[in-house]
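Coordinate analysis (summary)
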Amino acid sequence: MPRQARGGPAADRPTIRDVARLSGVSVVTVSRVLNDRPDVAPKTRERVRSIIADLRWVPAAAARALPKGGHPAIAVLTYEGFASAPFYQRVIEGAMVETTKRGYALLVTPVGTDAHSPDLGVDFLISHRAAGVIVARPQPMYTPAFYAAMQRVPVPIVTTGNYRDPAARMFAVDMDVRTGARDLTRHLIGLGHRSFAVIRGHPHVGGAEGRVAGHREALAEAGLPFDESLVEACEWSLEDGLRAVNALLDRGRPRFSALVCHHDHVAIGALQALAQRGLRVPDDVVVVGFEDDVVSRYLTPALTSVHAPAREIGIAAVQRVLGRADEQETAELHPCELVVRRSCGSRPGRQLRDVSMGWGEAAME
């Protein structure tokens, strides 16, 4: 059997004739499968794709455009509009650094969420002879159509997020959000806070559940309750942060001295909402974020946040795609770092007041 294609010399790579022979079909049929032609029986199509995946064969349509002896590319597949998010800009920066060091090119390929977009993205990757694929964890893409399309990819796949592929095709490289959220909450408890409001991501948002779990763990360690009435779920945006804080304050009964925002964009929106309501940060309420957006350090007050190792994730994703993955593992988690700034206050024992419709009680004695 021909050896698996790993970016080595052309002579070592399987060819379309190998795929046809092992599938028991003609070269023309293999070509029809690659082009998603309708004139192929479903069982035949499945058999050919299975052989392609087993061989990790990639058509060399783009090989003539490469310099002699040149290397193929590593592809980053992401959701349209998602690559502009600060976190994924840093992921892509790390991936670019590592691919350049190894002599590979980096292709960033956005796909949409409609039924045909995943197939279009996969066709692009195959035609451009990608040596591996990094899925830059855009949650909306994880649909049955997307998953089915990814089964056609004949090269290693890594996802930079906490998505867990039941077929174990996509190795996950992510940040340890659970530990990061636990450390953040422990820090606030250490400052004397006992009443917390939380603006979390919706369950479908990547990393949302891990951040909530870490927060809960820290509260449980300290013997403190997790107050569901002080939790707002939203998308991670500036507008939603502002809306969520107003929703918390409009209920009439919220009482909290610390506002834990599970994304910096949410925290920035929250700061604006609190200011509009006449609440001072950190004197009346402290605010913390997550991911440590570059803007956060320039706010007034500067935002305490959990630094996300996005660049390191991009580097590790390339390393995993190029063969460092341990088949016994399913994920690689990178540690987060708590960055303490002015928004959380830093003087233990300081008198804080609970956010409520009435003022005057101290949150810490």
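The rules behind the values
- Residues numbered from 1 in each chain as written.
- Predicted model: local features only at pLDDT ≥ 70, side-chain atom pairs only at ≥ 80, totals over all residues.
- Heavy atoms only, no water.
- Helix = DSSP H or I, 4+ residues; strand = E, 2+ residues; numbered from the N terminus.
- Buried < 20%, exposed > 50% of the residue type's maximum accessible area, 1.4 Å probe, protein only.
- Contact = heavy atoms within 4.5 Å.
- Areas by Shrake-Rupley, 256 points an atom, 1.4 Å probe, with all protein chains shown as cover.
- Core = buried A, V, L, I, M, F, W, Y, C linked by side-chain atoms within 4.5 Å.
- Phe/Tyr/Trp six-rings, centres within 6.5 Å; stacked < 30°, edge-to-face > 60°.
- Salt bridge = Lys/Arg side-chain N within 4 Å of Asp/Glu carboxyl O.
- pLDDT = per-residue confidence, 0-100.
- Disulfide = S-S within 2.5 Å.

**Here's the deal with the overall build of the protein**
- Across its full length, the protein carries 11 helices and 12 strands.
- Expressed as a percentage of its 365 residues, the buried residues of the protein come to 52%.
- For the protein, the share of sequence-separated contacts (at least 6 apart) that also reach a separation of at least 24 residues comes to 73%.
- Carbon and sulfur atoms form 54% of the exposed surface of the protein, whose accessible area is close to 16,600 Å².

**Concerning unusual backbone geometry**
- The omega torsion of the bond from V281 to P282 falls at 10 degrees, within 30 degrees of zero and hence cis.
- Here P282 is to be found in the loop between α10 (264–276) and β9 (286–288).
- Unusually for a residue other than glycine, E291 sits at a positive phi of about 105 degrees.
- With respect to the helices and strands, E291 occurs in the loop between β9 and β10 (305–307).

**Regarding the nonpolar core**
- Grouped together as the largest cluster of nonpolar side chains are 43 residues, with contacts concentrated most on F87, I134, M175, L188, F196 and V260.
- Sorting elements by how many residues they give to this core places helix α11 (residues 310–324) first, with six residues.
- In contact with M175, other than residues within four places in its own chain, are F87, R211, E291, A308, P309, I313, L333, H334 and C336.
- Judged by nonpolar contacts, the second largest core, of 25 residues, contains C261, V266, A267 and V281.

**Topic: the packing of aromatic side chains**
- Within the structure shown, the criterion is met by one aromatic pair.
- Geometrically, the ring pair formed by F87 and Y88 is edge-to-face, given 4.9 Å between the ring centres and 80 degrees between the ring planes.
- Taking relative accessible area as the criterion, F87 reaches 8% and is therefore assigned buried.

**A word on the pattern of salt bridges**
- Applying the stated rule across the entire model yields 17 salt bridges.
- One network of salt bridges, with partners in common, ties together E98, K101 and R102.

**What about the confidence of the model for the protein?**
- Confidence along the protein averages 78 in pLDDT terms, with 73% of residues attaining 70 or more.
- Within the protein, no element has a lower average pLDDT than helix α5 (residues 117–127), which sits at 61, and none a higher one than β9, at 97.
- Segment residues 60–70 is flagged for pLDDT under 50; beyond a separation of four residues in sequence, or across chains, it makes eight contacts in the model.
- Here residues 347–365 is modelled with pLDDT under 50, and outside its nearest four sequence neighbours on either side it reaches 53 contacts, counting other chains as well.

**As for the state of the cysteines**
- Summed over all chains, the structure comprises zero disulfides.
- The thiol sulfur of C234 is not disulfide-bonded, and the nearest other cysteine sulfur, from C261, lies at 8.2 Å.

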